[in-house]
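# Summary of the model geometry
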Amino acid sequence: MDNTNKKTLGIIFGGVSSEHDISCVSAKSIIENIDYTKYNIVLIGITKNGKWFIFNDDVNLLPNDRWTLSKNLVPAFISPDTAVHGIVTSNGDVVRLDVVFPVLHGKNGEDGTVQGLLQLAQIPFVGCDCTSSGVCMDKAVANAVADAYDIEQAKWCAFTKSEYYKSPDECMKKAEEKLSFPIFVKPANAGSSVGITKAHNIEELSRAMDIAFGEDKKAVLEEFIDGFEVECAVLGNDEPVAGEVGQIVAAAEFYDYDAKYNNPQSQLYIPAQISSDKRNEVKEKAIKAYKSLGCEGMARVDFFVTKNDGRVLLNEINTIPGQTEISMYPKLFEAAGLPYAKLIDRLIDLAMERGGRI
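Residues numbered from 1 in each chain as written. Predicted model: local features only at pLDDT ≥ 70, side-chain atom pairs only at ≥ 80, totals over all residues. Heavy atoms only, no water.

### Section: the overall build of the protein
- Helix and strand counts for the protein stand at eleven helices and 16 strands.
- Its C-alpha radius of gyration of 20 Å places the protein within 12% of the 21 Å reference for a compact globule of 358 residues.
- If you line up the protein on its principal axes, its C-alpha atoms span 65 × 45 × 40 Å.
- In the protein, which comprises 358 residues, the share counted as buried stands at 56%.
- Summarising the internal contacts of the protein: among those between residues at least 6 apart in sequence, 64% fall at separations of at least 24.
- Put simply, the protein has 37 plus and 51 minus side-chain charges, and the middle of one group is 1 Å from the middle of the other. (Helix = DSSP H or I, 4+ residues; strand = E, 2+ residues; numbered from the N terminus. Rg over C-alpha atoms; globule rule 2.2 N^0.38 Å. Buried < 20%, exposed > 50% of the residue type's maximum accessible area, 1.4 Å probe, protein only. Contact = heavy atoms within 4.5 Å. Lys, Arg positive; Asp, Glu negative; His and termini not counted. Charge placed at Lys NZ, Arg CZ, Asp CG, Glu CD.)

Structure below.
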């Protein structure tokens, strides 16, 4: 194909986040599966301390942050100026971008920050917009929106760091009365199960709050749900569609960061080991949640299916789901008949259809 017919695609990876390393692996996976006859690829790496570079080297350097040692790094950033519509380098060169794929998990990338920059620049980008990204990233806000739309979920409460440390005993008492032990404690803004603890008593709850506040200024507390953990991939703008439903059987007591990425004993089942009727219910509720929280492009919607009565409860929405070789999102659409390369094409097409945001 003639290069003049190709779209210039910027892929942003890395970032100032506890999920920096996973982002680099996700980006490598996308790069290895993309159709190079359709796109000119520009790789934009963000270091752990927030420096931006164009990376033009072997993609095998992405894991373990070896890319930061490359000799082929050019300081550069995406300009918010609409006339630029792309990247400005330290040399003063301009690289125009047709579309951007932000592959940034967690804070400073999945939370609406980069999406806001791209909206200012009016550059089309893959995934949810600034508002829905921020809403979905903040578990307390997402839970409140879900309640407003009558989306069933676990009982929950939330505390800011400031209010908690003013009266920790009072906050923990309120949580115990509302939720009962065991209680899951999560940073409101973090991903990949970073900073999540299961507390069985007041002493463990106190430690769990400290851990959560080490990651974020707000903590969300949720009742324990005895259920199966299932995930549904969703794709689309105005008329989203659901992929297959997958199920997680964690090697640890719950699916924490280590169980997700480091423990080979965690098992993924596609399709989920629940009835076809129940999988269809999960898909319907995934699309409802996706629309209710204003998602576009893509998201992975996670649920619990309770063991005793089969209720489907929303757990959380991930607006930039993992794209690694073990990640559920591409696997769930592959199981639904959409191969990874075609999925990437579709995500980019959806970004172009939506266009740059004013």
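Following the structure, the description resumes.
### A few points about the packing of helix α10 (residues 328–335) against helix α11 (residues 340–354)
- Between α10 and α11, whose axes approach to 9 Å, the crossing angle comes to 105°. Taken together, the axes of α10 and α11 are roughly perpendicular relative to one another. Where α10 approaches α11, its residues Tyr329, Pro330 and Phe333 are matched on the opposing element by Tyr340, Leu343 and Leu347.
- Split into classes, the residues belonging to the contact of α10 with α11 amount to six nonpolar, no polar and no charged. (Axes fitted to C-alpha atoms, helices over the stretch in contact; angles between N-to-C directions. Parallel < 35°, antiparallel > 145°, perpendicular 65-115°, else oblique. Nonpolar A, V, L, I, M, F, W, Y, C, P; charged D, E, K, R; others polar.)

### Comments concerning the sheet that holds strand β6 (residues 94–96)
- Taken together, the seven strands give an open sheet; going across it, the order is β6-β5-β4-β3-β2-β1-β7, and neighbouring strands pair in mixed fashion. In this open sheet, the two strands that pair with only one neighbour each are β6 and β7 (99–102). Mean inter-strand twist for the sheet, computed between neighbouring axes without regard to direction, equals 35°.
- Here strand β2 (residues 39–46) runs beside strand β3 (residues 52–55); their pairing, made up of four bridges, is antiparallel. Its bridge partner lying in β3, Gly45 is registered against Phe53.
- Relative to the sheet, helix α1 (residues 20–33) contacts β1 (7–14), β2 and β7, its axis offset from that of β1 by approximately 155°. (Pairing = 2+ DSSP bridges.)

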